[in-house]
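# Tertiary structure, described
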Amino acid sequence: MPWFFRLLLIAGGLAGVLAVAYAAGVRQGLLTLLGIGFGAVLQGARFGFTTGWRDFIEHRDPQGLWAQMLLMVLAAAVSLPLIAGSGGELVGAVAPLTISLVLGAFLFGAAMQLADGCGSGTLYKAGAGAPLSFAVLPTFALGSFVGASHQPGWIALGGLPAVDLLAWGWPTALALTVAGCGLVAWLAGRAQAQSAASQPAASPTPTPQDAAQQVMRAGTASFVPAAETARAGSRWARRWWLGALLLAALYGLHLIVAGQPWGIVYGIGVWGAKIASALGWSPVGDPFWGVEPHATRLAEPLLADITSVTNLGLLYGALAASRWNGPADFRLPSNRRLIAACVAGLVMGYSSRMAFGCNVGAYLGGIASASLHGWVWFALAFAGSIIGVRIRRRIGS
Amino acid sequence: MNGKKLFRLVNAVFWLAVLALVALDTFDTRGVRLEPPPFALGSGQAASGGHCSGR
């Protein structure tokens, strides 16, 4: 009776939304609902930032990068006019170009390949039940909590002030963002063409290794057919562009409801800080958690925090999407891989605070807000990912 | 314990831990009740939530 199980999944989500709305207000309930949407799309489309980059680095498959650039363009097209015309009710993700951004983004890019997921990837895979992400999430929270506490010290190392292209008007900011994304997409396509010209054509049918890798990537079952393992040289898989369209729509709605771009790691850091507080740690005097608005976030209920409720919704949305067609499939990683992923989670959590966010808060949020730090984050994190992919190969699965 | 049972057990423990922590936190901070307008756009209030970008 799959319909009954699906009904239960929908009822469970709606019950969660209503419970959050009852406990923390209508806005938080709506954000939980949007979080469920984010999780369902990320898992359902297997829209992985980490996987997209790895596919390009290892196979010169540009599909993931194209989808990410499409997402950036659509998100910017929706959010830039809204932010510009909101009179301060809506804000973008704008951050300075500090030394910490450069170091943090590089470290994050390397670590996310070892953890097999960035901020959103770790969350949606944990929600879906991927054993590796279960192990990564606690260390990610610890790293994000400690990293946030050290963030003011890292920023004090210096750098350049924030460059907000929106200062030149939203049409100019959007044009520059579209041009940047177009350039990346074109370069990725060109690299694919060059690679295809120098290698024999790829097999049209997925090999057993492809199928196994697909299971490893998803961690669980999904409503995307497993056979859709598009490789370099094939057409742009529907899951990628459809995922980008749906995520951009959710991104715009999130901005309208929350007043700020979609984020991940801030909430995970709040979870770490809340647990530390429960264990006796005091935020008083802490250069980050002891000052506003973060001190208020700690004193308030978790359900009043914007990123926390979207994160919780995301976890559930991924769970629902992964069980939509029945029980989940999985594969247990080796102990070596598990330990490496836990360490990577710690590094990822810490470095994300040095770099003002992860793939969602800094890369997507920064670029879609026309902040230059988003592009710097992308360049450095991608360079870090090249190293991360090499280390990952050595560790194995 | 076979792999499937372990998988289900770990999943159940994870979700129970998430729900328990959220419930404990909600109970612990029950004196704090904030209800912002449903939509930030058009609310007349400046955005003030914490974000990864450092705000």
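Structural notes, computed from the coordinates. (Residues numbered from 1 in each chain as written. Chains lettered and ligands numbered in written order. Predicted model: local features only at pLDDT ≥ 70, side-chain atom pairs only at ≥ 80, totals over all residues. Heavy atoms only, no water.)

Our next topic: unusual backbone geometry. Residues and elements named next belong to chain A. Pro293 follows Glu292 through a cis peptide bond whose omega is 5 degrees. Positionally, Pro293 belongs in the loop between α11 (265-278) and α12 (294-299). Residues other than glycine seldom take positive phi values, yet Arg60 does so here, at roughly 55 degrees. Checked against the element boundaries, Arg60 lands in the loop between α3 (49-59) and α4 (63-85). With a relative accessible area of 33%, Arg60 lands in the partly exposed category. Although it is not a glycine, Ala370 sits at a positive phi angle of roughly 60 degrees. You can see Ala370 is positioned in the loop between α15 (359-368) and α16 (372-395). What makes Ala370 buried here is its relative accessible area of 2%. (Helix = DSSP H or I, 4+ residues; strand = E, 2+ residues; numbered from the N terminus. Buried < 20%, exposed > 50% of the residue type's maximum accessible area, 1.4 Å probe, protein only.)

In this section: the packing of helix α7 (residues 131-155) of chain A against helix α14 (residues 335-354) of chain A. Residues and elements named next belong to chain A. The contact between α7 and α14 brings their axes to 6 Å, and the two run at 30 degrees. Judged by the inter-axis angle, α7 sits roughly parallel to α14. Between α7 and α14 the crossing geometry is right-handed. Here the residues of the contact of α7 with α14 sort into 15 nonpolar, nine polar and two charged. (Axes fitted to C-alpha atoms, helices over the stretch in contact; angles between N-to-C directions. Parallel < 35°, antiparallel > 145°, perpendicular 65-115°, else oblique. Left-handed = near helix turned anticlockwise from the far one by under 90°. Nonpolar A, V, L, I, M, F, W, Y, C, P; charged D, E, K, R; others polar.)

Facing 38 residues of chain B, the contacting portion of chain A comprises 59 residues. With both sides pooled, the region where chain B packs onto chain A buries about 3,700 Å², and carbon together with sulfur makes up 66% of that total. Linking chain B with chain A are one salt bridge. Of the charged contacts, one joins Lys274 of chain A and Asp25 of chain B as a salt bridge, the two residues approaching to 2.9 Å between their closest N and O atoms. Here chain B is connected to chain A by 10 residue pairs in polar contact (both at pLDDT 80 or more). (Contact = heavy atoms within 4.5 Å. Buried area = accessible area lost by both parts, 1.4 Å probe. Salt bridge = Lys/Arg side-chain N within 4 Å of Asp/Glu carboxyl O. Polar contact = N/O pair within 3.5 Å; in protein donor to acceptor, adjacent residues only side chain to side chain.)

All right, on to the pattern of salt bridges then. Residue and element names in this part refer to chain A. Inspection of every chain in the model, using the stated rule, returns six salt bridges over all chains. Its salt-bridge partner being Asp116, residue Lys125 comes within 3.7 Å of it at the nearest N-O pair. A relative accessible area of 3% means that Lys125 is categorised as buried. Judged by relative accessible area, which is 5%, Asp116 ranks as buried. Residue Arg392 is joined to Asp116 by a salt bridge in which the shortest nitrogen-to-oxygen separation is 3.2 Å. Here Arg392, found in helix α16, pairs with Asp116, found in the loop between α5 (99-114) and α6 (119-128); they are 276 residues apart in sequence, far enough to count as distant. Under the relative-accessibility criterion, Arg392 is labelled buried at 18%. A single network of salt bridges, built from pairs that share partners, joins Arg54, Asp116, Lys125 and Arg392.

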